[in-house]
Every structure is written in C-alpha cells, then in structure tokens.
Amino acid sequence: MKFKKAFIALLVLFIVEGNCYSQNQTKPVIEKLYINPTYARGGIDTQIFRSVTYIPLETTKESLFGKIFKMEVTDDYYIVSDQSTNSILVFQKNGKFHAKINGGKSTNSQLDPNFTIDRKKKLIITRLSSIDEKLIWFDFNGKMVKQTPLKEIYYSIASLNSSIVFSPFTFLTKKVKKDSINYFIKYLNNSVVDKKLQPFNVSQYAMAPNLWVTEIPRPYNFYYSGIENNLLFVENYNYNIYVLDGSGIKKTYNVVFPQDLSIPTDSLAKRLSMVDKGEYLKENKDKIYTFRGAYIVGDYLCFETIKRDFYTTDRYLLYNLKTRSLISLQKISSSIASSFLPLFSAFGSIVGSDNYYLYSTVSSLDMFQAKEETGKKIFMYMPPLQEYFDKETRKSNPVIVQLKLKENL
C-alpha cells in the first residue's frame, strides 16, 4: 500500500511537471552561467563604481530602528522593515523620515517584515499575526487601506503587476498531507490562486512546525530590480535564478559551480528529507546550497551565495551577462573617493536595486569605527556625511549606500 501511494504521488509529480508551463506560458529560456567564485576579481572602488553615495536615514525617537531586514526602492521612498522594532518605515530619498507602520503599537500584533510594494497603487502589502488569513494593505503614509483574503501561510511574497505572487511555507499541518504536491510559486489574482509553478513533493521538503533545519534562512526569495513585470526568484537546494513575469517563468539562469562547491542537486533534492539535508550541510560546510539578494542592475546579475559556513569570502558576486566577467564585492576596497568608509556591511548583503543603482547598507557602528580608523586621512566629509558625523552616534540608524556600477567591466 505504501509503495502504491508513493508511486501515485511520483506519477502525479511527473504529470504536473510536464504541464507546469502550459498555462499561457512558453517554455522558458535556460542560460547556463559557469562561475568559479575563487577567480572573481576585485579592485578599488573607483575601478568598479562610477559613483558611491552615502544616504544616512534620519534618526528620531519615532524612526529609530535596528537593522534592515528588507528594503524596497520606489520613485520617492526607501521602505524598510525591521524585526527588532516590529515595524515598516518609510524614508524619503534624501533619508528624511516620512512614515511608520508599527505592528506592536497600532495593531498589538506581530508585523510580517517580509512585505512587498504595489508600485502602481502606491501600497505596502504585509500580514499581521492578529488578523488571520488576510493580507493587510497600507498606503505610503502608514495608513491601513484594506484587507484581502489569503488563507495560506507564505514564506515570501511579492507584487507583480496586477498579481501577488507568493511562496508557501512547507510546514506539515493537519490540512497538508505528507504525500501531496505543492508549488514553490503561486500567483494570486483577485484573492484566487490561478497559477501554480515549480511543483514539489511535500514529503521531500516539508518540515514539522517545531523543527528548524540547522541552516541560515534567507530573509526573502522574490527580488524586484526596478524592471516592470519582472521578478527574480530563488529556492533552496538548486542553482537556478528564475526570471518571472505575469505569465510565469520567462527565463532561468542556471549557475554551474565547481564540483567542490556544489551539492548533488538532483539526487539530494529528490532523495533526502529536510532533516537529512541539514545533516548533509553540517558535514559539508563549504558547499553552496542557495542564493539570496538576487538582483539585476544593467548588464549585471548580482547574488549572494550561502553556505552552512556562512561567513566566507567571495560570497557577494556580480556577474556581467555580456562580458562574462565576475566581480567579488568583498574584494573591493574603499578609497579617498568614498572617504575610506565601508561600502557594504560585514554581515549583510545587497538590499536592493532599481536597475540603475545597487543599494547596500552599513550600520552606524561600522561607519563611526571606520571614521576613527582613517584618522587624519579625511579632514572634511562631503555633506550630508559631515552633518551625519557631527550630529549622529554609533547607535543611530543605518546608512544606505547607493552604488552606480561602471559598464563593461
């Protein structure tokens, strides 16, 4: 009987996989990218970036927060979420504080930091723990506008034109059968799921709610790069970066790493449970098992490689899709052009792109420490940095770093 059930589930998976591109979608283009992080180049900031601009986020009693969990860039605002203050904050492009959505004070519940933005309607979309099975929509002034149904618990969410796309949690619940088929990507239109992509067998991926695999979780896996009707999506345990549009998967970048950095994706993903995968990663800390921070900026594909041994070199990569050159962000050093200040956080990653700039973030602690280390190298900083150092402290809000890449590197 068990063999029969397993056979039926496998057969269903094959049928679903065979039809996953049939919903008004042509078969996506697959482009292989052969990448060896060890050979990524670096350089001085002026060799890589056309400009580096520091944007301190205003620190007031109301706007003070800890660390950027997620950031979205709009025409007028930087919108960030912070877990420590249970809030989503809106800052103007010059760093001035504009508005705040505070889950604890305004709603007495936990605010999901994995928010998204409807750029056409200028709305922030998230979830509140006190309001079950609903998406909550706020305007850019922090005012709640509406609620819409979404019964599934999602791991990540994004707005794509008129659709909401989300990736569900793979927890086992009473409503989810172990031998069932679920999907990593679901399209929500008018509160109805009308498209499902990337099927998987729940028995291979599911975790019990009280079980966390010993790995570094990604903060989100949909990434918007300022390109209309275009999202990047990544998932664990394969090396694909999917380009999504309104019809589904438009293109797949399949990254090929050297064997010593790669997990056996086909056999591991299909054969091992999540617990087994966790054990595998404990014993193979040098293996890359997922990406995060995947963005497009001009001709460059930017992403961060994640290993069980998380704090490794050459993990933030910039790959030029035209010239095939590879840059490691960790090999780029600051110069007098950037006042010898940090370009990236030591433990963070690229937090956004608008297809013109890349954005990173640096804590005030790191900024002031770098200022002290440079000593007399810099006598005067360009505004608004000079004002920032004169008025702020190590405990102030993070600083956004706006990076404009040079072309054809």
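Just above, that's the structure.
Below is a short write-up of the structure. (Residues numbered from 1 in each chain as written. Predicted model: local features only at pLDDT ≥ 70, side-chain atom pairs only at ≥ 80, totals over all residues. Heavy atoms only, no water.)

Quick notes on the overall build of the protein chain
Moving on, step 1. Across its full length, the protein chain carries eight helices and 26 strands.
Moving on, step 2. Per-residue burial over the protein chain gives 55% buried out of 409 residues.
Moving on, step 3. Taking all contacts inside the protein chain whose residues are at least 6 apart in sequence as the whole, residues at least 24 apart take part in 57%.
Moving on, step 4. As displayed, the protein chain has an accessible area near 19700 Å², and 53% of this comes from carbon and sulfur atoms. (Helix = DSSP H or I, 4+ residues; strand = E, 2+ residues; numbered from the N terminus. Buried < 20%, exposed > 50% of the residue type's maximum accessible area, 1.4 Å probe, protein only. Contact = heavy atoms within 4.5 Å. Areas by Shrake-Rupley, 256 points an atom, 1.4 Å probe, with all protein chains shown as cover.)

Structural notes on the side chain of N240
Moving on, step 1. Take N240: it is sitting in strand β18 (residues 240-245).
Moving on, step 2. Side chain to side chain, N240 and Y242 meet in a polar contact 3.1 Å long.
Moving on, step 3. Engagement of the side chain of N240 in a polar contact is seen with the side chain of N254, the distance being 2.9 Å.
Moving on, step 4. Not counting residues up to four positions away in its chain, the partners in contact with N240 are F233, V234, T252, Y253, N254 and F291. (Polar contact = N/O pair within 3.5 Å; in protein donor to acceptor, adjacent residues only side chain to side chain.)

With respect to the pattern of salt bridges
Moving on, step 1. Applying the stated criterion across every chain, the model contains 12 salt bridges.
Moving on, step 2. Linking E72 and R119 is a salt bridge whose minimum nitrogen-to-oxygen distance equals 2.8 Å. Here E72 is found in strand β4 (residues 70-73), whereas its partner R119 is found in the loop between β8 (116-118) and β9 (123-126), with 47 residues between them in sequence.
Moving on, step 3. The partly exposed category is assigned to R119, whose relative accessible area is 26%.
Moving on, step 4. With a closest N to O distance of 2.9 Å, E152 and K186 form a salt bridge. Placement of the pair is E152 in the loop between β11 (144-149) and β12 (154-160) and K186 in strand β14 (residues 181-189), with a sequence separation of 34 residues.
Moving on, step 5. Judged by its relative accessible area of 27%, E152 is partly exposed.
Moving on, step 6. K186 sits in the buried class, given a relative accessible area of 5%. (Salt bridge = Lys/Arg side-chain N within 4 Å of Asp/Glu carboxyl O.)

Here we look at the sheet that holds strand β6 (residues 87-92)
Moving on, step 1. Taking strand neighbours across the sheet as the criterion, the four strands line up as β4-β5-β6-β7 in an open arrangement whose pairing is antiparallel. Both edges of this open sheet fall to β4 and β7 (97-102), since each of them pairs with a single strand only. In this sheet, adjacent strand axes meet at a mean angle of 15° when their direction is disregarded.
Moving on, step 2. With six bridges joining them, strand β5 (residues 77-82) and β6 adopt antiparallel strand pairing. Bridging across to β6, D82 finds its partner in S87. (Pairing = 2+ DSSP bridges. Axes fitted to C-alpha atoms, helices over the stretch in contact; angles between N-to-C directions.)

Describing the side chain of Q198
Moving on, step 1. For Q198, the position within the fold is in strand β15 (residues 192-201).
Moving on, step 2. For Q198, a relative accessible area of 13% gives the class buried.
Moving on, step 3. Engagement of the side chain of Q198 in a polar contact is seen with the side chain of Y242, the distance being 3.0 Å.

Here's the deal with the sheet that holds strand β1 (residues 29-34)
Moving on, step 1. Spatially, five strands are ordered β1-β19-β18-β17-β16 in an open sheet, and the strand pairing comes out mixed. Single-partner strands in this sheet number two, and they are β1 and β16 (222-223).
Moving on, step 2. With four bridges connecting them, strand β17 (residues 231-234) and β18 associate as antiparallel partners. Bridging from a neighbouring strand, L231 pairs with L244 of β18.

Regarding helix α7 (residues 364-374)
Moving on, step 1. Every buried residue of α7 is listed here: S364, M367, F368, A370 and T374. Projected down its long axis, α7 carries its buried residues within an arc of 160°, all on one side. For α7, exposure combined with an orientation more than 90 degrees from the buried face picks out E372 and E373.
Moving on, step 2. On its buried face, α7 sits against β3 (49-56), β25 (358-362), α8 (385-391) and β26 (399-405). (Arc of directions from axis to C-beta.)

Comments concerning the pairing of β4
Moving on, step 1. Neither face of β4 is exposed, since K70 and E72 on one face and M71 and V73 on the opposite face are all buried.
Moving on, step 2. Of the pairings in the sheet, the one linking β4 to β5 comprises four bridges and is antiparallel in character. Directly across from K70, in β5, lies its bridge partner S81.
Moving on, step 3. If you look at the hairpin formed by β4 and β5, you'll find three residues sitting between the two strands.

Regarding the packing of aromatic side chains
Moving on, step 1. The tally for this structure, following the rule as stated, stands at 19 aromatic pairs.
Moving on, step 2. For the ring pair F65 and F91, a centre distance of 6.1 Å and an interplane angle of 45° mean the geometry is tilted. Here F65, found in the loop between β3 and β4, pairs with F91, found in strand β6; they are 26 residues apart in sequence, far enough to count as distant. Of the two residues, F65 and F91, neither departs from the other in class, the shared state being buried.
Moving on, step 3. Considering the side-chain rings of Y239 and F257, the 5.2 Å spacing of their centres and the 90° angle between planes classify their relative orientation as edge-to-face. Of the two residues, Y239 sits in the loop between β17 and β18 while F257 sits in the loop between β19 (248-256) and α5 (265-271), which places them 18 residues apart along the sequence. The exposure classification of Y239 matches that of F257, with both residues buried. (Phe/Tyr/Trp six-rings, centres within 6.5 Å; stacked < 30°, edge-to-face > 60°.)

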